[in-house]
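Architecture at a glance
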Amino acid sequence: MFSRRKRRTARPVSPALAAAWEALDAGDVPGALRQVWAAGEEQPLAEVALVVGRAAGSAGFTDLADASAALAAAPGDARALYGFGYACVERGVPDLAIPALREALRRSDGALPVLRELVSAYEDEGRHAEAVTDLLRHEDRFADWPDRYLLVHNAVLAGDLDLARRQHALLSDPEDPQWQPARERQNRTLARVADAERAGRLGPADVRGWQYVLGGTVLGTLSPYGFDEGMNGRYAWLQDTPDQCLRGLLRLRALLDGTGVRPRTVSLLPDRDSRILGLAAAEVLGLPAEPFAPGRPDTVVVAYDLDGLAAHDGGPELIGELFERVPGQVLHAHACCWTDPPAVTPDSAALLHQSVVAPWGAQLRPGSDGRIGQGPADDRPEAEIAAGITGADPSGDADGAGDGAGPGDADAEFAAFVTAVAGTWLRGDRARVRSAGPVPSSRFA
């Protein structure tokens, strides 16, 4: 008969993790990991490692499988805990890394490499307040670069701007030149904070203000639905309309006018969705439309959805070309996913969504029998669809009335925000901003 210790090393015995093991028996690796996540962070780490190790082996992740085996064999060893946490972060499951790294930090007497890896896992999960707490706990020992820099960074993302400013004032100039770009990015971030605060209080529901702080994106419109259900100006699943497209383009025009930016052309990206919207943008802005060319200055590059561009033939190369900021170039994206942000951050975005269907896409609609089904996509010529956008009615929900729960989104409020941030707009990086910041929103599976 196996001893209890040997049975534990064979498979988990906690009821919550037994369900994960059953999912693995059924060949459902994602389901098993969801069960581990649902079980909470207080599960025995050795048993968690058994589940994760078997899942990693099934997926061919040898590094994570080996790290899991080491942790299952020695759950009290700081090195094994750190190795497991590190492998989880590298394999894109930072939520599973956090309990192990917290325990490794405790058992290693606050070793800074462990602290930094834990902070990385917190950041990947958007748990910036917890990163701040752990960094402050070890402030008397850490280095300015990267530790105090990480403290400032996470304080901003957690919404604790007073702490961020105090710690930024203590941050010395980096001796290692590799940190100088990070220093400059942080300076620009705090400059955007100052501008956004002039437009509002940067409160816990100010999604436009925080979107600007995070990546320098001016958010054109706010969703007028679901504020009291936790959406705070973001859309969940959206069937887009020509009216909404036109409203986004009118806000883009107001942004350009309010900041004094004078583009000479509209640049058309090659995917169909972006070409349709780009043709409409050219009409709204009164500018000629030309195919996108890398390095062209003084132009508005219009994307319907940057994720859609990335999926287009040659899209990854185009995304790479958009990282470099060209003088006078403005990158506008109509729809931006906030739960999985695009690889390149736009300067202007019309709306934030979790999932979107373009107005000319295969939308859900009632059939002749009254049943809801997916209708066909609109295959009319691009110019014809674009004319439908420029002839649409942008006034629907233009005052932000929606379901009556939102704070409103009038043109005058948007213009005031644009005026406040004009001095720092178009100075940020276009690198992906993975964090949604301190403004919460409901997420839908």
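Everything here concerns the structure above.
First, a word on scope: everything that follows refers to the structure included in this document. (Residues numbered from 1 in each chain as written. Predicted model: local features only at pLDDT ≥ 70, side-chain atom pairs only at ≥ 80, totals over all residues. Heavy atoms only, no water.)

On to the packing of aromatic side chains. According to the stated counting rule, one finds 6 aromatic pairs in the structure shown. Between tryptophan 145 and tyrosine 149, the aromatic rings sit 5.4 Å apart at their centres with planes inclined by 20°, giving stacked as the arrangement. Of this pair, tryptophan 145 and tyrosine 149 both sit in helix H10 (residues 144-158), separated by 4 residues, roughly a single helical turn. For the pair tryptophan 145 and tyrosine 149, a shared accessibility class is recorded, and that class is buried. A ring pair is formed by tyrosine 212 and phenylalanine 417, whose centres lie 6.0 Å apart and whose planes are at 90°; its orientation type is edge-to-face. Taken together, the residues tyrosine 212 in helix H13 (residues 207-215) and phenylalanine 417 in helix H19 (residues 411-421) connect sequence positions 205 residues apart. Taken together, the aromatic side chains of Trp145, Tyr149 and Trp179 make up a single cluster linked through ring pairs. A cation sits over an aromatic face here: arginine 54 above tryptophan 21, 4.9 Å from the ring centre. Directly above the ring of phenylalanine 61 sits arginine 91, whose terminal nitrogen or CZ lies 4.1 Å from the centroid. (Phe/Tyr/Trp six-rings, centres within 6.5 Å; stacked < 30°, edge-to-face > 60°. Helix = DSSP H or I, 4+ residues; strand = E, 2+ residues; numbered from the N terminus. Buried < 20%, exposed > 50% of the residue type's maximum accessible area, 1.4 Å probe, protein only. Lys NZ or Arg CZ within 6 Å of the ring centre and 35° of its normal.)

Turning our attention to the packing of helix H12 (residues 180-199) against H13. Where H12 meets H13, the closest approach of the two axes is 8 Å, and the angle between their N-to-C directions is 160°. Taken together, the axes of H12 and H13 lie roughly antiparallel to each other. When the axes of H12 and H13 are compared, the crossing they make is right-handed. Side by side, H12 and H13 meet where Thr189, Arg192, Val193 and Ala196 of the first sit next to Gly209, Tyr212, Val213, Leu214 and Gly215 of the second. (Axes fitted to C-alpha atoms, helices over the stretch in contact; angles between N-to-C directions. Parallel < 35°, antiparallel > 145°, perpendicular 65-115°, else oblique. Left-handed = near helix turned anticlockwise from the far one by under 90°. Contact = heavy atoms within 4.5 Å.)

Right, let's talk about the environment of serine 348 for a bit. By the secondary structure assignment, serine 348 is in strand S7 (residues 348-353). Note: C-alpha distance between serine 348 and glycine 248 (100 residues apart in sequence) is 9.6 Å. Within polar-contact distance, the side chain of serine 348 engages the side chain of histidine 332 at 2.8 Å. (Polar contact = N/O pair within 3.5 Å; in protein donor to acceptor, adjacent residues only side chain to side chain.)

The next point concerns the side chain of threonine 345. Looking at the secondary structure, you find threonine 345 in the loop between strand S6 (330-337) and S7. Separated by 2.7 Å, the side chain of threonine 345 and the backbone oxygen of alanine 431 make a polar contact. Excluding anything up to four places from it in sequence, threonine 345 contacts Gly215, Thr217, Leu331, Arg430, Ala431, Arg432 and Val433.

Within a sheet, neighbouring strands are paired by backbone hydrogen bonds and run either parallel or antiparallel to one another. Read across the open sheet, the 6 strands follow the order S1-S7-S6-S5-S3-S4; overall the sheet is parallel. This sheet does not close on itself; its edge strands, each paired only once, are strand S1 (218-219) and strand S4 (289-291). Bridge count for strand S3 (residues 265-268) against S4 is 3 bridges, and the pairing is parallel. Counterpart to leucine 268 in the pairing with S4 is proline 291. (Pairing = 2+ DSSP bridges.)

The next point concerns the pairing of S3. Side chains Thr265 and Ser267 of S3 all project onto a buried face; the interleaved residues Val266 and Leu268 project onto the opposite face, where all are buried too. Sheet analysis places S3 next to strand S5 (residues 299-305), joined by 4 bridges and oriented parallel. Counted as the bridge partner of leucine 268 is valine 302 from S5. With respect to chirality, the unit in which S3 leads through helix H15 (residues 272-285) into the neighbouring parallel S4 is right-handed. (Right-handed = clockwise from strand over helix to strand, strands pointing away.)

In this section: the pattern of salt bridges. Oppositely charged side chains are able to pair whenever their charged atoms sit close together. Within this structure, the stated rule accounts for 30 salt bridges. Glutamate 41 is the salt-bridge partner of arginine 127, the closest N and O atoms lying 2.7 Å from each other. With arginine 127 in the loop between helix H8 (112-124) and helix H9 (128-137) and glutamate 41 in the loop between helix H3 (29-39) and helix H4 (45-59), the pair connects residues that are 86 residues apart, well separated along the chain. A relative accessible area of 18% means that arginine 127 is categorised as buried. The salt bridge involving arginine 247 is made with aspartate 409; its shortest N-O contact spans 3.3 Å. On the criterion of sequence distance, the pair formed by arginine 247 in helix H14 (residues 242-259) and aspartate 409 in the loop between helix H18 (382-390) and H19 is long-range, its members being 162 residues apart. Judged by its relative accessible area of 6%, arginine 247 falls in the buried class. (Salt bridge = Lys/Arg side-chain N within 4 Å of Asp/Glu carboxyl O.)

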